[in-house]
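Structural characterization, general
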Amino acid sequence: MTAPGSDDDSTPRDASSEPTAMPWLVEPLRRALVTQRAHALLIHGPGNVGQFELALALAKGWLCEQADLPLGERPCGRCPSCRLHAARSHPDLLVLVPEALRESLGWEQGGESDEGEGSRKKPSKEIRVEAVRAAIAFATTTSARGRGKFVVVHPAERMNDVAANAFLKTLEEPAGDARFLLCSAAPDDLLPTIRSRCQQVALAIPPHAAAEAWLVQLGVAEPAVLLAAAGGQPQEAAARAASGLDAAAWLALPRRVAQGDASALQGWPLPLAVEALQKVCHDALCLACGGAPRYFPRDRLAQDASLAALLRWSRELARVAVEAEHPWAVDLAIESLVEQGREALKTPRSQHREARGLSLNSRR
Ligand SMILES: [Zn+2]
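Residues numbered from 1 in each chain as written. Predicted model: local features only at pLDDT ≥ 70, side-chain atom pairs only at ≥ 80, totals over all residues. Heavy atoms only, no water.

The helix and strand inventory of the protein chain stands at 14 helices and five strands. Burial status across the protein chain gives 49% buried among its 364 residues. Put simply, 71% of the contacts in the protein chain that link residues at least 6 apart link residues at least 24 apart. Counting only carbon and sulfur atoms, one obtains 52% of the accessible surface of the protein chain, whose full area is about 16800 Å². (Helix = DSSP H or I, 4+ residues; strand = E, 2+ residues; numbered from the N terminus. Buried < 20%, exposed > 50% of the residue type's maximum accessible area, 1.4 Å probe, protein only. Contact = heavy atoms within 4.5 Å. Areas by Shrake-Rupley, 256 points an atom, 1.4 Å probe, with all protein chains shown as cover.)

To continue, consider the packing of aromatic side chains. The final tally for this structure, using the stated rule, is four aromatic pairs. A centroid spacing of 5.8 Å and a plane angle of 10° characterise the contact between tryptophan 62 and phenylalanine 150, whose relative ring orientation is stacked. Here the residue tryptophan 62 occupies a position in helix H2 (residues 51-63), and phenylalanine 150 occupies one in strand E3 (residues 150-153), the gap between them amounting to 88 residues. When sorted by exposure, tryptophan 62 lands in the same class as phenylalanine 150, which is buried. (Phe/Tyr/Trp six-rings, centres within 6.5 Å; stacked < 30°, edge-to-face > 60°.)

With that settled, the discussion passes to the nonpolar core. Ranked by internal contacts, the top residues of the largest apolar core, which has 77 residues, are Leu58, Val152, Leu181, Trp250, Leu253, Leu310 and Trp313. Broken down by element, the residue count for this core peaks at 11 residues, all from helix H12 (residues 270-288). Those residues in contact with valine 152, other than ones at most four positions away along the chain, are Phe52, Ala55, Leu56, Leu93, Leu94, Val95, Leu96, Leu181 and Cys183. Listed in part, the 27 residues of the second largest apolar core include Ala40, Leu42, Val129 and Ala163. (Core = buried A, V, L, I, M, F, W, Y, C linked by side-chain atoms within 4.5 Å.)

Note that every value here comes from positions in space, so none of it alone points to a role or purpose.
Right, here's the structure in full:
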């Protein structure tokens, strides 16, 4: 486990009493604590809706040493085990996350690193086989505090092929009394053999009111707009707010794209810019087909864009999205995609004309 970070709190609290706790996890946590007995759980849901937080809270609850508290009311937040968990130094919990995610969580590089010694290249976005092997070794040793051992894997679909196969062997032939908690927003990307060996805990997009209340607690202004921008995923909305996206800028995006104003996305990492344009395109397509938009209010969108031009833009956005991690000339790529968006959003259905088909390939 890593050393304690900013939450080196001498009075750790129950996860459900944290000011930033996610209220929609309270009932799934209680239910899972009481009913789940499997040695491997797959906690999945659409996007990030608290899979990781639920897995950590479950491990905390099962490790909690407050024996006079019913299981469904744990973790207590006060016992020695809960304090160790809060300090991220519990000897019976191992959290396996890609190095890149560890950095974004603000966790120090520590014992459960998924990187080999001396690899200080770009942080990996994968969970590698060395990390899985270390987790398997951890799982086979005796529990230090006598309440079993827990391995949280997040996001489980980030295990590369070799890592996933090594992990599968452990699920097939469990050694010791360790329990595995896999978190995923894309369970279909897991090996079917891993999926089938896990009990599944499904989380849904939380109710808007609960999500908005949580965002308000975090100090997010205009939470309804950012929540819609994030497709209802509150953690995504919070992350966007933290990275500087404000509601007015989001609401203005479709209009600015329709005007060919690429400066609306200036400074955005390409994957996020492409995703934002995909949302503009998605909603314009919904309107063009008579459906309801999802990410923007209806009155912010082009009302009569050409379906064919939107579909062409959509295909190009999907193509770039696949390669968005590549070292593009980001500004040029965004300009090109916005220009195609301008064409698509401005093309009246009645006078459809061929989009100019700007090629990103020629602009790298
Ligand atoms: Zn406790």
